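Spelled out from the first residue to the last, the chains are:
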Amino acid sequence: MIDFRETVEWLKEDGFCDAAAIGFGEKTAVTALFPYRLERPTAVSAAASYIDPFALRNNYREMAARLKTAAVKIRKAAGLNKSEVRIFVNSSLPEKAAAAFAGIGFCGKSTLLISPLYGVNTLIGGILISLPAADGLSRFDGAPPSSAARCGACRRCIDACPVGAIGENGVDRSRCLQSLASRSGAVPAELLPHWDILYGCSRCRDACPYSRFNLGGVAHHRGEIDESETIGEWLQTAAESEEAFCARFKGTALAMSWIDKRALLRNAVILSRRLGIFNEETKRVCRQYKNEFSQLLSVDIPPLLR
Ligand code: B12
Ligand code: SF4
Ligand code: SF4
């Protein structure tokens, strides 16, 4: 047997701000919150100024590495093998609901998991263990946790979303900038005036009053984006070759499989237009990519003033 309270302590000693175990079918899931740093540079030309802080370092990989360390300890303590103790990070499990059932937060109107103390600036990860939950632990039952009481009359996330993507039934992925920023293809013209990102939108998250105390995130350097790189340099590399452009992101959060690199390039082209750094070279990039970005050459986009 294993004492899951000890597991929770291991995670908390290793940077996780909260963690708790729940019964998950025949297994036990320890869900945990990983707070990330929020600072980002402000220089207009720096590419990193337009990347959300959660992606400026590879927080997912860092969290996974720390979960793996705890998983090894659990295996040893419980005499289990590798397949019986598995970590999950951005998995197919409903991670927010799992954390809510575990009692370490609740889902707000933004649909994000809010920790009463740490707010919304956390990533969720965990460890799934092939052992039945101990008596007294709550169980995941799949139903969406209720949010209304904890949010009350607040609707700041809804009002902060520039494209009206948050509704009664959650987030409309066809409008959400975070979602569009990682998928290639044309951006609906009506959304272009709101496009101010290379990757990662966070306005709904930043607006949440539960995050007003910035208690700091875990300090690490895994997969750090070079803050001296400019958007112009990104585009220059793209003009050299697509491989060179992709190589730029090796090891960073932008290299994750769910982010299409052509989407990143398109985002850079939109920003370069909005910031007035759209030159002959950028046009060459657009033509080079088989007219994929032809929309961006012809359409009117208001300048971005920073
Ligand atoms: C797909 C996805 C997205 C999509 C869709 C998000 C959405 N809200 O629908 C897009 C690309 C838009 C997105 C955006 C972001 N995401 Co995202 N995303 C995911 C991912 C990979 C899968 C989510 C999913 O669709 N699961 C399947 C469905 C069935 O489960 P679910 O969404 O968890 O829903 C359950 C409950 O939450 C609840 N529920 C669902 N909708 C609603 C609505 C209301 C009103 C209520 C009360 C409950 C509720 O019922 C469901 C069934 O139990 C998760 C990782 C994961 N595995 O959970 C990360 C995840 C949710 N994302 C995360 C983050 C951080 C973001 C961003 C803030 C990005 C950023 N800049 O940092 C934005 C925020 C936008 C937003 N307001 O949600 C974190 C959230 C951490 C947290 N503290 O909540 C997660 C958990 C990743 C992680 N491992 O940390 N994301
Ligand atoms: S991530 Fe941005 S676009 Fe998506 S729901 Fe939040 S504020 Fe709206
Ligand atoms: S901003 Fe307000 S409504 Fe939105 S999740 Fe936070 S508390 Fe709830």
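Residues numbered from 1 in each chain as written. Chains lettered and ligands numbered in written order. Predicted model: local features only at pLDDT ≥ 70, side-chain atom pairs only at ≥ 80, totals over all residues. Heavy atoms only, no water.

### Re the packing of aromatic side chains
And then number 1: With the rule as written, the count across this model stands at 11 aromatic pairs.
And then number 2: Measuring from ring centre to ring centre gives 5.3 Å for phenylalanine 106 and tyrosine 210, while their planes differ by 75°; the resulting arrangement is edge-to-face. Placement of the pair is phenylalanine 106 in strand 4 (residues 106-107) and tyrosine 210 in the loop between helix 7 (203-206) and helix 8 (231-240), with a sequence separation of 104 residues.
And then number 3: The exposure class assigned to tyrosine 210 is partly exposed, which follows from its relative accessible area of 26%. (Phe/Tyr/Trp six-rings, centres within 6.5 Å; stacked < 30°, edge-to-face > 60°. Helix = DSSP H or I, 4+ residues; strand = E, 2+ residues; numbered from the N terminus. Buried < 20%, exposed > 50% of the residue type's maximum accessible area, 1.4 Å probe, protein only.)

### Focus on the pairing of strand 6 (residues 122-129)
And then number 1: By the criterion of burial, strand 6 is predominantly enclosed, with eight of the eight residues buried.
And then number 2: Side chains Thr122, Ile124, Gly126 and Leu128 project from strand 6 onto one buried face, and the interleaved Leu123, Gly125, Ile127 and Ile129 project onto a second face that is buried too.
And then number 3: Here strand 2 (residues 27-35) pairs with strand 6 via eight bridges, running antiparallel. Its bridge partner being in strand 6, threonine 31 is matched across the sheet by glycine 126.
And then number 4: As judged from the five bridges shared by strand 3 (residues 85-89) and strand 6, these two strands associate in the antiparallel manner. When the sheet's bridge partners are listed, phenylalanine 88 is paired in strand 6 with glycine 126. (Pairing = 2+ DSSP bridges.)

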